[in-house]
Amino acid sequence: MKKVKFALLGASKISSQHLKAINSLSSHCDLVDVCDINQNALNEISKTTEANLHKDYEEMLSKTDADCICITTPSGIHHSHALKAGKAGFDVLVEKPIATSLTHAKSLISYFKKYKKRLFAVKQVRFIESIKILRKALAEERFGKVHLINMNIFLTRPQDYYDSAEWRGTYKFDGGGVLMNQAIHYFDLMQLIGGKPKEIISFNETLSRNIEVEDCSVSIIKFKNSSIGSLNASVLAYPRNLETSITVLGEKGTVKIGGKNLNSFQEWNFKTKRKDDPVLNKDLTFKSGHTYLYEDIISVYKNKKKKPEVDGEEALKSLKLVLSSYNSSANKSPVRFK
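This section reports on the structure supplied with the text. A quick note: this is a predicted structure, and the numbers were derived from the prediction, not measured.

Observations regarding the state of the cysteines
Every disulfide links exactly two cysteines, by a covalent bond between their sulfur atoms.
Now for step 1: Throughout the structure, instances matching the rule amount to 0 disulfides.
Now for step 2: For the unlinked cysteine Cys29, the closest cysteine sulfur is that of Cys70, found at 9.1 Å.
Now for step 3: The class of Cys29 is buried, set by a relative accessible area of 1%.

Here's the deal with the pattern of salt bridges
Now for step 1: Taken as a whole and assessed by the stated rule, the structure comprises 19 salt bridges.
Now for step 2: Glu58 is the partner of Lys84 in a salt bridge, and the nearest nitrogen-oxygen pair spans 3.3 Å. One end of the pair, Lys84, is in helix H4 (residues 78-87); the other, Glu58, is in helix H3 (residues 57-63), with 26 residues separating them in the sequence.
Now for step 3: Lys305 is the salt-bridge partner of Asp296, the closest N and O atoms lying 2.5 Å from each other.
Now for step 4: Among the residues examined, Lys305 registers a relative accessible area of 28% and is labelled partly exposed.
Now for step 5: Taken together, the salt bridges that share partners define one network made up of Arg126, Arg135, Asp188, Glu309, Glu314 and Lys317.

A closer look at helix H10 (residues 289-301)
Now for step 1: Here H10 contains 13 residues, and its C-alpha end-to-end distance of 19 Å stays within 8% of the 18 Å for a straight helix at 1.5 Å per residue.
Now for step 2: Among the 13 residues that make up H10, 12 are buried, leaving the element largely enclosed by the rest of the structure.
Now for step 3: Gly289, His290, Thr291, Tyr292, Leu293, Tyr294, Asp296, Ile297, Ile298, Ser299, Val300 and Tyr301 are the residues of H10 that are buried.
Now for step 4: In this structure Ser288 caps H10, since a side-chain oxygen of it lies 3.1 Å from the backbone nitrogen of His290.
Now for step 5: Positive backbone phi, at 60°, marks Asn303, one or two positions downstream of H10.

Some points on the sheet that holds strand E4 (residues 68-71)
Now for step 1: The strand order across the open sheet formed by 6 strands is E3-E2-E1-E4-E5-E6, and the pairing between neighbours is parallel. Strands with a single pairing partner mark the edges of an open sheet, and in this sheet they are strand E3 (52-54) and strand E6 (119-121). Within this sheet the neighbouring strands show an average axis-to-axis angle of 25°, counted without direction.
Now for step 2: Pairing analysis gives 3 bridges linking strand E5 (residues 91-94) to E6, with the strands arranged parallel. Note that in E6 the partner of Leu93 across the bridge is Phe120.

Description of helix H6 (residues 129-139)
An α-helical turn contains 3.6 residues, so a residue and the one three or four places further along point in the same direction.
Now for step 1: Taken as a whole, H6 has its buried residues at Ser130, Ile131, Leu134, Ala137 and Leu138. Looking down the long axis of H6, one finds its buried residues gathered within 120° of arc, a one-sided arrangement.
Now for step 2: Elements in contact with the buried residues of H6: strand E7 (146-154), helix H9 (178-194), strand E11 (243-250), strand E12 (253-258) and strand E13 (264-270).
Now for step 3: Phi turns positive one or two residues past the end of H6, at Glu141, with a value near 60°.

Quick word on the sheet that holds E11
Now for step 1: Across the sheet, 8 strands lie side by side as E13-E12-E11-E7-E10-E9-E8-E14; this open sheet has mixed pairing. Looking at which strands have only one partner, the edges of the open sheet turn out to be E13 and strand E14 (335-336).
Now for step 2: With 7 bridges joining them, E7 and strand E10 (residues 228-234) adopt parallel strand pairing. Of the residues in E10, the one forming a bridge with Phe154 is Ser234.
Now for step 3: In the packing of helix H11 (residues 312-331) onto the sheet, contacts are made with strand E8 (197-205), strand E9 (216-223) and E14, and the angle to E8 comes to roughly 60°.

What to know about the packing of helix H5 (residues 102-114) against H11
Now for step 1: It is at 10 Å that the axes of H5 and H11 come closest, and there the two elements cross at 175°. In this view, H5 runs roughly antiparallel relative to H11, as classed from their interaxial angle. Where H5 approaches H11, its residues Leu102, Ala105, Lys106 and Ile109 are matched on the opposing element by Gly312, Glu313, Leu316, Leu319, Lys320 and Leu323.
Now for step 2: Among the residues making up the contact of H5 with H11, the classes are represented as 6 nonpolar, 1 polar and 3 charged.

Describing the side chain of Gln182
Now for step 1: Looking at the secondary structure, you find Gln182 in helix H9.
Now for step 2: Residues contacting Gln182, with those up to four places away along its chain left out, are Leu155, Arg157, Tyr161, Gly177 and Val235.

A word on unusual backbone geometry
For residues besides glycine, phi is generally negative; the peptide bonds are generally trans as well.
Now for step 1: In this structure, Pro97 follows Lys96 across a cis peptide bond, with omega equal to -15°.
Now for step 2: Inspection of the secondary structure assignment puts Pro97 in the loop between E5 and H5.
Now for step 3: Residue Pro239 follows Tyr238 across a cis peptide bond; omega there is 0°.
Now for step 4: In this fold, Pro239 is placed in the loop between E10 and E11.
Now for step 5: Unusually for a residue other than glycine, Glu141 sits at a positive phi of about 60°.
Now for step 6: Relative to the elements of secondary structure, Glu141 occurs in the loop between H6 and E7.

Conventions adopted
Residues numbered from 1 in each chain as written. Predicted model: local features only at pLDDT ≥ 70, side-chain atom pairs only at ≥ 80, totals over all residues. Heavy atoms only, no water. Disulfide = S-S within 2.5 Å. Buried < 20%, exposed > 50% of the residue type's maximum accessible area, 1.4 Å probe, protein only. Salt bridge = Lys/Arg side-chain N within 4 Å of Asp/Glu carboxyl O. Helix = DSSP H or I, 4+ residues; strand = E, 2+ residues; numbered from the N terminus. Expected span 1.5 Å × (residues − 1). Polar contact = N/O pair within 3.5 Å; in protein donor to acceptor, adjacent residues only side chain to side chain. Pairing = 2+ DSSP bridges. Axes fitted to C-alpha atoms, helices over the stretch in contact; angles between N-to-C directions. Arc of directions from axis to C-beta. Contact = heavy atoms within 4.5 Å. Parallel < 35°, antiparallel > 145°, perpendicular 65-115°, else oblique. Nonpolar A, V, L, I, M, F, W, Y, C, P; charged D, E, K, R; others polar.

Take a look at the structure:
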């Protein structure tokens, strides 16, 4: 089959991960167009791609022969940019979140379903090696009943990070703070491990940064199967990123994943041992989650699988959790799910 062609809207910081992934899969795909309103950003990205450059989105949509438009603009305008690409007849890959409201997210999903276009979403943490190993253990029911899930996301985003662009730290464009921009990946993993949520209670605060949105959050989730989970997230770790970790306690096993990029098992202890169990505190081979994501998308285009790992419906699950967390904190009460 011919190569899959991608076009990129937004020469942002995260777009570099998309570019690296596409370049690493150059035998299967190409980046054919890039659009950004910032000429300096276009000049910078031109150093690593031969794609056609555009400053006007509608112009790019009218000229590109891409199969899929990749949206990496600020979160608050994901919905409008994705919808415009869909109406122009393209499949779309949207960075997290696919939208910043349930109304917009559901309208996107409905539109792409109605017109039989593909809506892919970015949840690259699902694809990293340690998470795939963990999910395999869960699928094989090695934990037995899962009792408790704990996730810690302790990062640093100094004030100058938010000051570097006017849209950062705003509800209009960022859609939220540490939850919407960093922890949303872990809410995604939380529901993959714990199943359907029953209720959530959260405390979200802006404690240090001069921003509209939260810089610290604590959430407790009860699942319909009676498991419980806790998610602690902050961008106030001093002076550098401190920890991203996942701990799962089950009746027959305990696992803790840590490391710089969730790339090592600090605990792997099951009632039944296996020869292929991972070695503790040994860094796994690190491959970008975005690369795995693009491999998954390409496999859909090559008809190797009917459905991608993450479509709009899958992305909606973690968005619901994040928005319910905001609702709980604002109203100082639990939010229950149907």
